[in-house]
Structure formats: structure tokens, C-alpha cells
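Coordinates in review
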Amino acid sequence: MKFFIVILIPILLLFACTEKTKKYIPLTEVDSTAKIDSLFKIEGRNLFKREHAIRNWDTLKYTFQMQDFFKDSTIIGMKGYVIDISKRKEKYIVSFRALTRTLHTTTVVDLLVDSSVFSEYKNTFLNYGDIFYIVFKVTKLNVYTPQLVADAEINEDEETTDAYMSLSFSDKLLKVQGLFINCVTKKDVHYE
């Protein structure tokens, strides 16, 4: 009986001393950013569905699999960012670096964009560093091995950095050419 009372009293005190009101914590900037990222991801998936784009192509491991996969002028969806824009006659080539899951493969996608479409998306493309969900039709695929890779070593004793170039025989450059269809950025996401 004493044992029961000794256990019961601290438990009662514990429940009696806790607050019964809920505190509502306002959304922090981190929470807000996570919400925007989540909505952006959903918007990207919706774009891929709307355009009937194939995604998850970046899980293919071997070059021949990619060549077979892309040979039918497939409509592809990917996530990436603009690395360059050039003009060829009356059309533009917007180069994207794909954010892929493929290990040891750098994917660069050059998309041909008509001047009328480019003028519609120009301000979007010029926002350097923005992440895009992009839909395009593949017209050509090349794989280059070995790849020229930049690397650096930091010498902490002398407080210097030595940069150098080397050939990497384990890394590949996947160069895709295609026709731009559509894209979405975080600025296109509407949230409450």
C-alpha cells in the first residue's frame, strides 16, 4: 500500500502541474520554406502529368539503357537550373544542368526554344540560380567518357588552395538535346 501511494503522488503532481492550454507556435521561416518546397514539388509533378512526361529516367545506370530509352523522341520531365543561354539564328538554346540521382554522371540538357516562346519565358530563364521543373522532347543524346573534372586541394598549413584539372574515367557527361515544352519555378507556386 505504501508503495502504491509513493508512486501515485508523484504521478498526480506531474499531471496537476502541467499546462492544460495549447500553445500555438507561428510558422517560422524554415517551416514556410519547407511548405513552399513541398508545394513546388507537387507543382512539378502536376506539370509532368499534364504534359505526359516521363520522370525518374535518371535512375538508369548504363549508357545503352539511356540510348534505348531516349531513342523514341521521348517527352521527359526533369529538375534543373539554367547554366547558359545562346542564340542561333532566330531561336534560342537554353542549357540546363539536371539535378539527377545518377552517380558519376553530369547531365547537361540543351533545349531549342522558339523566339516567341523565349520572349514569354525570358524573365523566368534569366533568374540565375532558380530551380526549374522542365518538360522537353528529346532529339539527340550523347555520352562522353572520360570527363574533364576540376578539383582543388586546400593546404591548411600555408593557407592556400591548389586547383587542377584531371580526366575522370569513372565520370560521364550525358549531353541531351531537345525541344522545350514547358517549365515551372518556385515563383509559379501559389500558397496561402
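Residues numbered from 1 in each chain as written. Predicted model: local features only at pLDDT ≥ 70, side-chain atom pairs only at ≥ 80, totals over all residues. Heavy atoms only, no water.

1. Section: the overall build of the protein chain
Counting its secondary structure elements, the protein chain contains four helices and seven strands. In the protein chain, the succession of α and β elements from N to C terminus is α-α-α-β-β-β-α-β-β-β-β. Counting the 192 residues in the protein chain, one finds 29% classified as buried. Partitioning the intrachain contacts of the protein chain with sequence separation of at least 6 by distance along the chain shows that 65% fall at a separation of at least 24. Of the roughly 13,800 Å² of accessible surface on the protein chain, 56% is carried by carbon and sulfur atoms. (Helix = DSSP H or I, 4+ residues; strand = E, 2+ residues; numbered from the N terminus. Buried < 20%, exposed > 50% of the residue type's maximum accessible area, 1.4 Å probe, protein only. Contact = heavy atoms within 4.5 Å. Areas by Shrake-Rupley, 256 points an atom, 1.4 Å probe, with all protein chains shown as cover.)

2. Points about the pattern of salt bridges
Across all of its chains, the model carries four salt bridges by this definition. Between Asp37 and Lys186 there is a salt bridge, and its shortest N-O distance comes to 2.5 Å. Here Asp37, found in helix H2 (residues 29–50), pairs with Lys186, found in the segment after strand S7 (172–185); they are 149 residues apart in sequence, far enough to count as distant. We classify Lys186 as partly exposed; its relative accessible area is 38%. The residue Lys187 makes a salt bridge to Asp130 at a minimum N-O spacing of 2.9 Å. Of this pair, Lys187 sits in the segment after S7 while Asp130 sits in the loop between helix H4 (115–125) and strand S4 (131–144), placing them 57 residues apart in sequence. (Salt bridge = Lys/Arg side-chain N within 4 Å of Asp/Glu carboxyl O.)

3. Considering the confidence of the model for the protein chain
Should pLDDT be low for a region, the predicted coordinates there are not to be read in detail. In the predicted model, the protein chain carries a mean pLDDT of 79, and 72% of its residues have values of at least 70. Within the protein chain, helix H1 (residues 2–16) has the poorest average pLDDT of any element, 56, and strand S2 (residues 91–98) the best, 94. A low-confidence stretch, residues 20–25 (pLDDT under 50), is modelled with zero contacts involving residues beyond four sequence positions or located in other chains. (pLDDT = per-residue confidence, 0-100.)

4. Points about the pairing of S7
Pairing of strand S3 (residues 105–114) with S7, which is carried by eight bridges, proceeds in the parallel orientation. From the neighbouring strand, Thr106 faces S7, where its bridge partner is Leu173. Of the strand pairs in this sheet, S4 and S7 are connected by 12 bridges, and their pairing is antiparallel. Residue pairing for S7: Val135 is matched across the bridge by Asn182. (Pairing = 2+ DSSP bridges.)

5. What about unusual backbone geometry?
It is generally the case that most residues other than glycine have a negative phi and that most peptide bonds are trans. Even without being glycine, His52 reaches a positive phi, approximately 55°. With respect to the secondary-structure elements, His52 resides in the loop between H2 and helix H3 (63–70). For His52, a relative accessible area of 67% puts it in the exposed group. Backbone geometry places Lys89, a non-glycine residue, at a positive phi of 55°. Along the chain, Lys89 turns up in the loop between strand S1 (75–88) and S2.

6. Some thoughts on the sheet that holds S7
What the five strands build is a closed barrel, ordered S1-S2-S3-S7-S4; its pairing is mixed. For this sheet, the mean angle separating the axes of adjacent strands, direction not counted, is 45°. Where H3 meets the sheet, its contacts fall on S1, S4 and S7, and the angle it forms with S4 comes to roughly 110°. (Axes fitted to C-alpha atoms, helices over the stretch in contact; angles between N-to-C directions.)

7. So, H4
Taken residue by residue, H4 has Phe118, Tyr121, Thr124 and Phe125 as its buried positions. Buried positions in H4, seen along its axis, are confined to an arc of 105° and lie on one side of it. Exposed positions of H4 whose direction lies more than 90 degrees from the buried face are Ser116, Ser119, Glu120 and Asn123. Buried residues along H4 sit against S1, S2, S3, S4 and S7. (Arc of directions from axis to C-beta.)

8. Digging into the packing of aromatic side chains
Here the structure, examined in full by the defined rule, presents 10 aromatic pairs. Ring plane angle 80° and centroid distance 5.5 Å describe the contact between Phe125 and Phe180, whose orientation is recorded as edge-to-face. In this pair, Phe125 sits in helix H4 while Phe180 sits in strand S7, placing the two residues 55 residues apart along the sequence. Judged by relative accessible area, which is 10%, Phe180 ranks as buried. Through a chain of ring-to-ring contacts, three or more aromatic side chains come together here, namely Tyr92, Phe96, Phe118, Tyr121, Phe125, Phe132 and Phe180. (Phe/Tyr/Trp six-rings, centres within 6.5 Å; stacked < 30°, edge-to-face > 60°.)

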